[in-house]
Amino acid sequence: MRDYLLTLCVTAAVTYLLTGPVRKFAIAAGAMPEIRARDVHREPTPRLGGIAMFFGLCAGLLVADHLRNLNSVFELSNEPRALLSGAALIWLIGVLDDKFEIDALIKLGGQFIAAGVMVVQGLTILWLPIPGIGTVSLTQWQGTLLTVALVVITINAVNFVDGLDGLASGMVCIASAAFFLYAYRIWFGYGIEAAAPATLFAAILMGMCLGFLPHNMHPARIFMGDSGSMLIGLVMAASAISVTGQVDPDALKLFEGGTREATHAALPVFIPLLLPLTIIAIPVADLLLAIVRRTWNGKSPFAADRGHLHHRLLEIGHSHSRAVLIMYFWSALIAFGIVLYSVHSASMWIVFAIVVLSAVGLVLLLLPRFTPRAPRWAEAFVPPRYRRRRPQEPVPALSYEDDGNVMDDVMADAAPGEERIAVPAGINGATAIGARARFTDRRKAGTPR
């Protein structure tokens, strides 16, 4: 565990220290696209944060190769080299997209090629544990197709959820932490060396996300871009493939005894079989809903829109930070809940706790729909949005003189007999009159609506 923590810290430190220079490089290189209609941020923000994350990945693998307890991963397995080869390819494609906006089909083809590179070097699914049947060996073509599908789905799911500051990196960090606990238990608890690469990949992935998060939290100073989102998606898929498709469930000795006892004892294997999908359940759900929504509206599945889950949270009334925290909560509940149940599948307290926390999550999710009003005696202790509305007091008439104030000039030009009401200035001199849509229209002036 000490070596894994050291690898994690080195990866996080390298990623954190390189993100600042990468930001300056992105600004100098012009990797600051104009704000699009679907974007949430209001100022152009540099991308290419994936450059720092990739070098953090390289630093983590280099450190692990020189540690005595982790060096055997590189000597007994070719999976770290396969991961680095696929990650380098998908990272280059992401960097080109962040700078030149390449076509979506070209990116999809690059994802297939990166997955194929990892398969050729041995990072592939060899067998699957199936309930009621046991371990089923896959043919070469079956393993290749399943591996490529899992890599492509994971990459695009993470890429789709990267829409708010700190959302993708935080969710992937939570998922990789849960996966690390599961893989480390198999490697250390059962003594299965085949789970060591997956444990190492999960630790490095946590370091990449933790090192980038301080620069990416709201308000973000830099975005990871496709070079970062596709990279962490590929690393997550590689760790899932390594532990799910290459660790022989028979080595856990769970299929002994009668049929009922063997089935119950095998739950820790059958449930984590879905763990690679459950840890990205929210991004995958967002991906599937986006495909159905765009196809139903007669658009391309690759056409961007504002219908993602995080956009809907903002439309409900959640703030940017609270929407991100809600997504964190559901990711942690699903990922850690599955891992905990795989360890203690006989305990009903775990199921009860998951149900209770799910109810709490639903209440937090729908809270803006039901804004409570505090009693009069408690209004001094609650935020203004929970206080009761009071009747507007008449504003005394103001004299408007030509002192160069733009607001005074506008109000002086009001129609005769029209009541003039002073509007107090807000933060930085801004004013708010009535309700304002959360998403402003960012179309350029003169363009057709």
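Residues numbered from 1 in each chain as written. Predicted model: local features only at pLDDT ≥ 70, side-chain atom pairs only at ≥ 80, totals over all residues. Heavy atoms only, no water.

## Remarks on the overall build of the protein chain
Thinking step 1. Helix and strand counts for the protein chain come out as 17 helices and 2 strands.
Thinking step 2. For the protein chain, the proportion of contacts with a sequence separation of at least 24, taken over those separated by at least 6, is 73%. (Helix = DSSP H or I, 4+ residues; strand = E, 2+ residues; numbered from the N terminus. Contact = heavy atoms within 4.5 Å.)

## Focus on the packing of aromatic side chains
Thinking step 1. The final tally for this structure, using the stated rule, is 9 aromatic pairs.
Thinking step 2. Judged by centre distance (5.7 Å) and plane angle (80°), the ring pair of Y4 and F180 falls under edge-to-face. In this pair, Y4 sits in helix α1 (residues 2-29) while F180 sits in helix α7 (residues 167-189), placing the two residues 176 residues apart along the sequence.
Thinking step 3. Judged by its relative accessible area of 2%, Y4 falls in the buried class.
Thinking step 4. F180 sits in the buried class, given a relative accessible area of 7%.
Thinking step 5. Centre to centre, the rings of W349 and F352 are 6.1 Å apart; their planes meet at 90°, and the pair counts as edge-to-face. With W349 and F352 both in helix α16 (residues 348-366) and 3 residues apart, the pair spans about one turn of that helix.
Thinking step 6. Through successive ring pairs, a cluster of aromatic residues spans Y4, F180 and Y184. (Phe/Tyr/Trp six-rings, centres within 6.5 Å; stacked < 30°, edge-to-face > 60°. Buried < 20%, exposed > 50% of the residue type's maximum accessible area, 1.4 Å probe, protein only.)

## A closer look at the environment of L62
Thinking step 1. Looking at where L62 falls in the secondary structure, it is placed in helix α2 (residues 50-65).
Thinking step 2. A sequence separation of 55 residues divides L62 from T7, and the C-alpha atoms of the two residues are 9.1 Å apart.

## Quick look at the environment of G109
Thinking step 1. Structurally, G109 can be placed in helix α5 (residues 104-120).
Thinking step 2. G109 sits in the partly exposed class, given a relative accessible area of 28%.

## Comments concerning the pattern of salt bridges
Thinking step 1. In this structure the tally under the stated criterion is 3 salt bridges.
Thinking step 2. For the salt bridge of D97 with K107, the shortest nitrogen-to-oxygen distance reads 3.6 Å. You can see D97 sitting in helix α4 (residues 79-100) and its partner K107 sitting in helix α5, a full 10 residues away along the chain.
Thinking step 3. What makes D97 buried here is its relative accessible area of 2%.
Thinking step 4. One network of salt bridges, in which partners are shared, links D97, K107 and D226. (Salt bridge = Lys/Arg side-chain N within 4 Å of Asp/Glu carboxyl O.)

## Observations regarding the nonpolar core
Thinking step 1. Counting 93 residues, the largest nonpolar core has Y4, L57, L200, L231 and L234 as its most contacted members.
Thinking step 2. Examining the composition of this core, we find that 16 residues originate from one element, α7, more than from any other.
Thinking step 3. Not counting residues up to four positions away in its chain, the partners in contact with Y4 are L70, F180, Y184, W187, A196, T199, L200 and A203. (Core = buried A, V, L, I, M, F, W, Y, C linked by side-chain atoms within 4.5 Å.)

## Here's the deal with helix α8 (residues 196-216)
Thinking step 1. Taking 1.5 Å as the rise per residue, α8 with 21 residues should run 30 Å; its terminal C-alpha atoms sit 30 Å apart, in good agreement.
Thinking step 2. Burial analysis of α8 places 19 of its 21 residues in the buried class, which makes it a mostly covered element. (Expected span 1.5 Å × (residues − 1).)

## Notes on the side chain of T7
Thinking step 1. Mapping T7 onto the fold places it in helix α1.
Thinking step 2. Polar side-chain contacts of T7 include one of 2.9 Å to the backbone oxygen of D3.
Thinking step 3. Leaving out residues up to four positions away in the same chain, T7 has contacts with G60, V63, A64, L67, L70, L200 and I204. (Polar contact = N/O pair within 3.5 Å; in protein donor to acceptor, adjacent residues only side chain to side chain.)

## Remarks on a nonpolar patch on the surface
Thinking step 1. A cluster of nonpolar side chains, contributed by W349, F352, V356, V360, L364 and L367, occupies part of the molecular surface with about 590 Å² of accessible area.
Thinking step 2. Mapped onto the secondary structure, L367 falls in the loop between α16 and α17 (406-412).
Thinking step 3. The exposure class assigned to L367 is partly exposed, which follows from its relative accessible area of 32%. (Patch = residues over 30% accessible without salt bridge, like charges linked within 9 Å, V, L, I, M, F, W, Y side chains within 5 Å. Areas by Shrake-Rupley, 256 points an atom, 1.4 Å probe, with all protein chains shown as cover.)

## So, the confidence of the model for the protein chain
Thinking step 1. Looking at the protein chain as a whole, its pLDDT mean stands at 75, while 65% of the residues score no less than 70.
Thinking step 2. Here α17 stands out as the element of the protein chain with the lowest mean pLDDT, 40, in contrast to α2, whose mean of 95 is the highest.
Thinking step 3. For residues 255-260, every residue scores under 50 in pLDDT, and the model assigns this stretch 6 contacts once sequence neighbours within four places are set aside. (pLDDT = per-residue confidence, 0-100.)

## Points about unusual backbone geometry
Thinking step 1. Here L48, not a glycine, exhibits a phi torsion of approximately 70°, which is positive.
Thinking step 2. Assignment of secondary structure puts L48 in the loop between α1 and α2.
Thinking step 3. Given a relative accessible area of 2%, L48 falls into the buried group.
Thinking step 4. The backbone of E101 sits at a positive phi, close to 55°, despite the residue not being glycine.
Thinking step 5. On the basis of relative accessibility, which here comes to 45%, the residue E101 falls in the partly exposed class.

## What about the packing of α2 against α4?
Angle between the axes and distance between the axes are the two parameters that describe a pair of packed helices.
Thinking step 1. Contact pair α2 / α4: the axes reach a minimum separation of 11 Å and the direction vectors enclose 170°. By the criterion of interaxial angle, the relationship of α2 to α4 is roughly antiparallel. Residue-level contacts link G50, I51, F54, L57, C58 and L61 of α2 to P80, L83, L84, A87, A88, W91 and V95 of α4.
Thinking step 2. Residues of the contact of α2 with α4, tallied by class, amount to 12 nonpolar, 1 polar and no charged. (Axes fitted to C-alpha atoms, helices over the stretch in contact; angles between N-to-C directions. Parallel < 35°, antiparallel > 145°, perpendicular 65-115°, else oblique. Nonpolar A, V, L, I, M, F, W, Y, C, P; charged D, E, K, R; others polar.)

## Side note on α4
Thinking step 1. In this model, α4 (22 residues) spans 32 Å end to end at C-alpha, consistent with the 32 Å of a helix rising 1.5 Å per residue.
Thinking step 2. Those residues of α4 that sit buried are E79, P80, A82, L83, G86, A87, I90, W91, I93, G94, D97 and D98.
Thinking step 3. One or two steps after α4, the chain reaches E101, where phi turns positive at roughly 55°.

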